[in-house]
Amino acid sequence: MSFLDKLQQRYATKAMNGKVVPQEKIDNILEAIRLAPTSSGLQPFEVFVITNDKIKASIKEIAWNQSQVTDCSHLLVFAAWDTYTENRINHMFDLTNEIRGFKNEGWENYRQMLLSTYPQRDSETNFEHAARQTYIAFMAAITQAAFEGVDNTPMEGFDPAALDKILGLRAKGLRSTLLLPLGYKDVDNDWLATLVKVRKPMDELVTTIA
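Residues numbered from 1 in each chain as written. Predicted model: local features only at pLDDT ≥ 70, side-chain atom pairs only at ≥ 80, totals over all residues. Heavy atoms only, no water.

## Section: the pairing of strand β4 (residues 174-183)
Of all 10 residues making up β4, 10 are buried, and the element is well covered by its neighbours. Of the pairings in the sheet, the one linking strand β2 (residues 74-81) to β4 comprises eight bridges and is antiparallel in character. Following the sheet pairing, His74 is matched in β4 by Leu182. By the bridge criterion, two bridges tie strand β3 (residues 151-152) to β4 in an arrangement that is antiparallel. In the sheet register, Asn152 faces β4, and the bridge partner there is Leu182. (Buried < 20%, exposed > 50% of the residue type's maximum accessible area, 1.4 Å probe, protein only. Helix = DSSP H or I, 4+ residues; strand = E, 2+ residues; numbered from the N terminus. Pairing = 2+ DSSP bridges.)

See the structure below:
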């Protein structure tokens, strides 16, 4: 089965059966998140992997009582930086220099450009920028899950402020943006499981400008 075939089969799973996803598959999904592109390579977010039933139950209450939150194997919470700081920017640039084993003048000039602009912006502008980066990594997780044969449900339907409180995110300088339950569909109780996938035809979606 090709990768596109797997994407054709994936959908937003509406009911999960509680079966545990093998750790190797979870690790591969997390690695796909880690490898995802982000603006300036800053990776301005963290991912929390929730398997604790009590915490999942608490999150379900502030996520429109969507059953996938508690019936999934692993619940991923994406949380973006609340703002960009000099320390956060310097950490990623220093990490790059350490791993590559050398300093590049152009790269260091780019560091200074970011330091002279990002930390000076208001925190809400910075958070919104960081939050957009989580969507890129989120898509990497969804596609890797499809490759692994793991069902999932992209979720924006929750109370971010309440979730931040449950996980203590604000104290970590983070704000929640997305939820991704990972598990296996419950075919008997998932009304969407047997329906044909619907997407726009290519000529409505894509315009080629030669």
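The discussion continues.
## Focus: the side chain of Thr38
Within the secondary structure layout, Thr38 lies in the loop between α2 (23-35) and β1 (45-50). Given the relative accessible area of 13%, Thr38 is considered buried. Side-chain polar atoms of Thr38 contact the backbone nitrogen of Leu42, separated by 3.4 Å. (Polar contact = N/O pair within 3.5 Å; in protein donor to acceptor, adjacent residues only side chain to side chain.)

## Brief notes about the pattern of salt bridges
Counted under the stated rule, the structure contains eight salt bridges. The residue Glu148 makes a salt bridge to Lys25 at a minimum N-O spacing of 3.7 Å. Of this pair, Glu148 sits in helix α7 (residues 123-148) while Lys25 is found in helix α2, placing the two residues 123 residues apart along the sequence. Measuring nitrogen to oxygen at the nearest pair gives 2.8 Å for the salt bridge that ties Glu31 to Arg34. Here the residue Glu31 and the residue Arg34 both occupy positions in helix α2, the gap between them amounting to three residues, near one helical turn. Here the residues in one salt-bridge network are Asp94, Glu108 and Arg111, joined through shared partners. (Salt bridge = Lys/Arg side-chain N within 4 Å of Asp/Glu carboxyl O.)

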